[in-house]
Amino acid sequence: MHLIIGLGNIGEDYLLTRHNVGFMVIDEMTKNLTTSNINKSNFQSTLLKSGYNLFSKPTTYMNNSGVAVHSIMEYYKIDIEDIIVIHDDLDLPFGTVKYKIGGGHGGHNGLKSIDSHIGKEYIRVRIGIGKPQDKANVANYVLSNFSKEELNKLQDIITHTIKAIDALKTEEIDQVKSKFTLK
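Calculation notes
Residues numbered from 1 in each chain as written. Predicted model: local features only at pLDDT ≥ 70, side-chain atom pairs only at ≥ 80, totals over all residues. Heavy atoms only, no water. Helix = DSSP H or I, 4+ residues; strand = E, 2+ residues; numbered from the N terminus. Rg over C-alpha atoms; globule rule 2.2 N^0.38 Å. Buried < 20%, exposed > 50% of the residue type's maximum accessible area, 1.4 Å probe, protein only. Contact = heavy atoms within 4.5 Å. Areas by Shrake-Rupley, 256 points an atom, 1.4 Å probe, with all protein chains shown as cover. Lys, Arg positive; Asp, Glu negative; His and termini not counted. Charge placed at Lys NZ, Arg CZ, Asp CG, Glu CD. Axes fitted to C-alpha atoms, helices over the stretch in contact; angles between N-to-C directions. Parallel < 35°, antiparallel > 145°, perpendicular 65-115°, else oblique. Left-handed = near helix turned anticlockwise from the far one by under 90°. Core = buried A, V, L, I, M, F, W, Y, C linked by side-chain atoms within 4.5 Å.

Visitor: Any chance you could break down the overall build of the protein chain for me, citing the residues and the numbers?
Guide: Scanning the protein chain from N- to C-terminus turns up six helices and seven strands. Overall, the protein chain shows an N-to-C arrangement of helices and strands of β-α-β-β-β-α-β-β-α-β-α-α-α. For 183 residues, the compact-globule estimate of 2.2 N^0.38 gives 16 Å, and the protein chain sits close to it at 15 Å. Taken along the three principal axes of its C-alpha coordinates, the protein chain extends 45 × 35 × 30 Å. In the protein chain, buried positions account for 49% of the 183 residues. Restricting to contacts in the protein chain with at least 6 residues of sequence separation, those with at least 24 account for 70%. Element-wise, carbon and sulfur atoms account for 47% of the exposed surface of the protein chain, whose accessible area totals about 9100 Å². Considering the protein chain, the positive charge centre built from 21 side chains and the negative charge centre built from 21 side chains are found 2 Å apart.

Visitor: Summarise the environment of Gly-11; cite the residues concerned and give the values.
Guide: Following the sequence through the fold, Gly-11 ends up in the loop between strand 1 (2-6) and helix 1 (21-30). Put simply, Gly-11 and Met-24 are 13 residues apart on the chain and 13 Å apart in space, counted from C-alpha to C-alpha.

Visitor: I'd like to hear about the packing of helix 2 (residues 65-76) against helix 3 (residues 109-118), residue by residue, with values.
Guide: With their axes 7 Å apart at the nearest point, helix 2 and helix 3 run at an angle of 40 degrees to one another. The orientation of helix 2 relative to helix 3 falls into the category oblique. Helix 3 is crossed by helix 2, and the crossing has right-handed handedness. Touching Ser-65, Gly-66, Val-67, Val-69, His-70 and Met-73 of helix 2 are Gly-110, Ser-113, Ile-114, His-117 and Ile-118, all from helix 3.

Visitor: Now, about the environment of Glu-81: what can you tell me, with residues and values included?
Guide: Here Glu-81 shows up in the loop between helix 2 and strand 5 (83-89). Here Glu-81 falls in the partly exposed class, since its relative accessible area comes to 48%. Expressed as a C-alpha distance, the spacing of Glu-81 and Lys-49, which sit 32 residues apart in the sequence, is 18 Å.

Visitor: Account for the nonpolar core, with residues named and values stated.
Guide: Ranked by internal contacts, the top residues of the largest apolar core, which has 30 residues, are Tyr-99 and Val-125. Those elements that place two or more of their residues in this core are helix 1, strand 5, strand 6 (97-101), strand 7 (123-128), helix 4 (138-142), helix 5 (148-168) and helix 6 (173-180). Element by element, the count of residues in this core is highest for helix 5, at eight residues. Contact partners of Val-125, with chain neighbours within four places excluded, come to Ile-84, Val-85, Ile-86, His-87, Val-97, Lys-98, Tyr-99, Thr-161, Ile-165 and Leu-168. In terms of nonpolar packing, the next biggest core, distinct from the first, is built from 19 residues, Leu-3, Leu-47, Ile-83 and Ile-114 among them.

Take a look at the structure:
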């Protein structure tokens, strides 16, 4: 069983923000699947099941994502190597998509929370959102909406990312990196 987590913030105000790209990928991945909704309040997550896969959008807000991930992981006895986290990455130019296992959180509070709750050796799908010129504007930048031009390009990026995530379920990460990395 794989647990696929998209990071983001709940609520209409955050729907199209850069920080919610993980939620956007989960929404696109599950829209044509036959899924069942799992309603357990202790999961603190919108959780869908399809076949042998669980799809999570934590409802804890970004900074506490690890609480939701840990509770689902423990309940379903999911190994850390079967966890895939999709998140925005300020250090990558917009449209870049990279994959790795482990590593630092790079100041990303969602990853920091997950790392503190389950460890670091899960698969990370890093979607580049670019960064503001002034580092003091990072919080406003990640919580701002994608531009119309970016949204037009984002659909192709998400489609590509979904193909990579499907491959991550059966292939080694190095194979996925060589086939699906977008620069």
